[in-house]
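# Descriptive analysis of the structure
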Amino acid sequence: MERYSLPDARFVTIGRHETGEKEQNLWWSGSGVRMKLACKRLDVEATSTAADHAQWLGVMVDGAPITRLPMIQGTHIYPLLVGLDDHCSHEITILRDTQPSYDESSPVVLNAVITDGTPEAPDARALMLEFIGDSLTVGEGTMGPYGEEQEWRMLFISHMPAFPTLVAEELKADKRVIALGGWGAARSWDNQKESRIGRIYGQLCDIIPGGQIAAPDDECPADAVVINLGTNDSAALAGLEADEVNPVRAELRTRAAELMEAVRARYPRAAIVWAYGLCGHAVEEILRGAVEDVRAKGDQNVHYLSLSDAATLGARMHPSREAHRQAAREIADELKKLLRLA
């Protein structure tokens, strides 16, 4: 078994990250490393500082979820894959499967990959996709029993079956995710103005110490950005007094347009798709209006996509894995048209 310290050119970095770090820091859902490897065994040395919410690591083999395991505080070696045929080479991804949490004093860290195989750089992917969103984007409810399970725990959150992963694999694209459960385009589910993704979009990862710095300027430019926000804004609006509703609706339209403009400033050539639905369409008119506002200013490469309602719910009354597959099909079909993919 050989130990390969990270970063290493043979391991492609996935997700928003700093440049020049001495280890691989995983700030957001879906962030990690991708490699080509034939081996009998694969371990990883990783560090977690989460004091209450156990973070989870995920492993994908040739685009399919294979392993998911909880982390414990401190630095430990975790067995990821055991008993493989070392004559067969696979594309293997090691990723952070759960979203950032407020009890972390630093991000999840991949220190080294340990294996009896020889890692190689994987095939390059031609597309980069970015996903901005809330609990739907991070895959809350995709794990665990279907029904009204109400524990807010990382156990029930998994990025691997969520629509960003499915879309990226369908389009053979790399991806980057900036998403937090409960947050909105203008307000969180409990009506907090500060809990809006646009406020932190330009930062590395605002809620984890050390992440309150500007996002790196040398990020791979996105070919398309999918924004899935509005569900929590709808919940906030539902809790307002009647005389408060119209001003907050106007605020949502303004904040949604501001977020799209921030994305455009970062990625001048990207197709931007606001994909809303899955959990109702209560603020669809507002979000369509925000898209039209941006288009009226001359940006014709912003688009609105109305997603189908989730036919079934998973844990925590969130969309099921089947619902995520349906959303992924709709988003992938839209991106194929916009990016003129065969």
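Residues numbered from 1 in each chain as written. Predicted model: local features only at pLDDT ≥ 70, side-chain atom pairs only at ≥ 80, totals over all residues. Heavy atoms only, no water.

### A closer look at helix 5 (residues 242–266)
Operational definition: Secondary structure elements are defined from DSSP: runs of H or I of at least 4 residues count as helices, runs of E of at least 2 residues count as strands, and each element is numbered from the N terminus. A helix's residues, less one, multiplied by 1.5 Å, set its expected span. In this scheme, a residue with accessible area under 20% of its type's maximum is buried, one over 50% is exposed, and one in between is partly exposed, where area comes from a 1.4 Å probe on protein chains only.
In this model, helix 5 (25 residues) spans 37 Å end to end at C-alpha, consistent with the 36 Å of a helix rising 1.5 Å per residue. Listed as buried for helix 5 are V248, E251, L252, A256, A257, L259, M260, V263 and R264.

### What to know about the pairing of strand 4 (residues 32–37)
Along any regular strand the residues' side chains alternate between the sheet's two faces. As a reminder of what qualifies: Strands pair, by our definition, only if DSSP identifies at least two bridges between them.
In terms of burial, strand 4 is largely enclosed, as five of its six residues are buried. Pairing of strand 2 (residues 12–14) with strand 4 involves three bridges; the strand directions are antiparallel. Bridge assignment links T13 to a residue of strand 4, and that residue is V33.

### Description of the packing of helix 5 against helix 6 (residues 284–296)
The test is simple: Geometry is summarised by axes, namely lines fitted to C-alpha atoms with helices restricted to the contacting stretch, and by angles between N-to-C directions that run from 0 to 180 degrees. Roughly parallel here means an angle under 35 degrees, roughly antiparallel means over 145, roughly perpendicular means 65 to 115, and every remaining angle is called oblique. What makes a crossing left-handed is the near helix being turned counterclockwise from the far one by less than a right angle; a clockwise turn instead makes it right-handed. The contact criterion used throughout is that any non-hydrogen atoms of two residues lie within 4.5 Å. Residues are grouped as follows: Ala, Val, Leu, Ile, Met, Phe, Trp, Tyr, Cys and Pro are nonpolar; Asp, Glu, Lys and Arg are charged; all remaining types, including Gly, are polar.
Packing of helix 5 against helix 6 brings their axes to within 8 Å, and their N-to-C directions diverge by 45°. Taken together, the axis directions place helix 5 and helix 6 in an arrangement best described as oblique. Here helix 5 runs over helix 6; the crossing is right-handed. Only E285, I286, L287, G289, A290, V291, D293 and V294 of helix 6 make contact with helix 5, whose side of the interface consists of R249, L252, R253, A256, A257, M260 and E261. For the contact of helix 5 with helix 6, the class distribution of residues is nine nonpolar, one polar and five charged.

### Let's talk about the side chain of N25
With respect to the element layout, N25 can be found in strand 3 (residues 24–26). Apart from the residues lying within four places of it in its own chain, the contact partners of N25 are H17, E18, P107, V108 and V109.

### Some remarks on the sheet that holds strand 4
Sheet strands pair by backbone hydrogen bonding; their relative direction is either parallel or antiparallel. Strand order in the open sheet formed by five strands is 2-4-9-6-7, with antiparallel pairing between adjacent strands. Across the chains shown, the open sheet's two edge strands, defined by having one partner strand only, are strand 2 and strand 7 (64–70). Adjacent strand axes in the sheet meet at a mean angle of 20°, parallel and antiparallel pairs treated alike. Bridge analysis of strand 4 against strand 9 (residues 90–96) gives six bridges, and the strand direction is antiparallel.

### Digging into empty space enclosed by the protein
Using a probe with the size of a water molecule, rolled over the atoms, empty space left in the structure can be pinpointed. Spelled out, the test is: Within this scheme a cavity is a closed region of a 1 Å grid, computed over the protein atoms alone, that accommodates a 1.4 Å probe without allowing it to escape, whereas a pocket is open but has protein on both sides within 12 Å along at least five of seven lines; lining residues each have an atom within 4 Å of a point. Grid points are joined across faces, edges and corners, and a volume is the space filled by probe spheres set on the points.
Under the defined criterion, the tally for this structure stands at one cavity of 30 Å³ or more. When its volume is computed, the largest cavity comes out at roughly 100 Å³. Around the largest cavity, the lining is made up of 13 residues, and of these I14, T93, R125, E169 and K175 lie nearest the centre. Every element with two or more residues in the lining of the largest cavity is listed here: strand 9, helix 2 (163–170) and strand 12 (173–179). In the lining of the largest cavity, the residues fall into five nonpolar, three polar and five charged.

### What to know about helix 6
One full turn of an α-helix is made of 3.6 residues, so residues set three or four places apart face in the same direction. Taking 1.5 Å as the rise per residue, helix 6 with 13 residues should run 18 Å; its terminal C-alpha atoms sit 18 Å apart, in good agreement. Taken together, the buried positions of helix 6 are E284, I286, L287, G289, A290, V291 and V294. Elements that come into contact with the buried residues of helix 6 comprise helix 4 (231–238), helix 5, strand 14 (271–276) and strand 15 (302–306). With its phi angle positive at about 115°, G298 sits one or two positions after the end of helix 6.

### So, the layout of surface pockets
If you add up the space inside the largest pocket, you get close to 430 Å³. Sorting the residues of the lining of the largest pocket by element identifies helix 1 (135–138) and helix 4 as the ones contributing at least two each. Ranked by residue count, the leading element in the lining of the largest pocket is helix 4, at three residues. Per-class residue counts for the lining of the largest pocket are 11 nonpolar, 10 polar and four charged. In this structure, the second largest pocket encloses a volume near 220 Å³. Around the second largest pocket, the lining is made up of 17 residues, and of these T13, H17, M128, R176 and C220 lie nearest the centre. Of all the secondary-structure elements, those providing two or more residues to the lining of the second largest pocket are strand 2, strand 11 (127–133) and strand 12. Counted by class, the lining of the second largest pocket contains seven nonpolar, four polar and six charged residues.

### Examining the sheet that holds strand 12
Judged by pairing direction, the sheet is parallel, and its five strands sit side by side in the order 12-11-13-14-15 without closing on themselves. Strand pairing shows two members of the sheet lacking a second neighbour, strand 12 and strand 15, which therefore form its edges. Put simply, the sheet's adjacent strands are angled 20° from each other on average, direction ignored. Sheet topology note: the strand 14/strand 15 ladder contains five bridges and is parallel. Following the sheet pairing, I272 is matched in strand 15 by V302. Running at roughly 165° to strand 11, helix 2 makes contact with strand 11, strand 12 and strand 13 (224–228) of the sheet.

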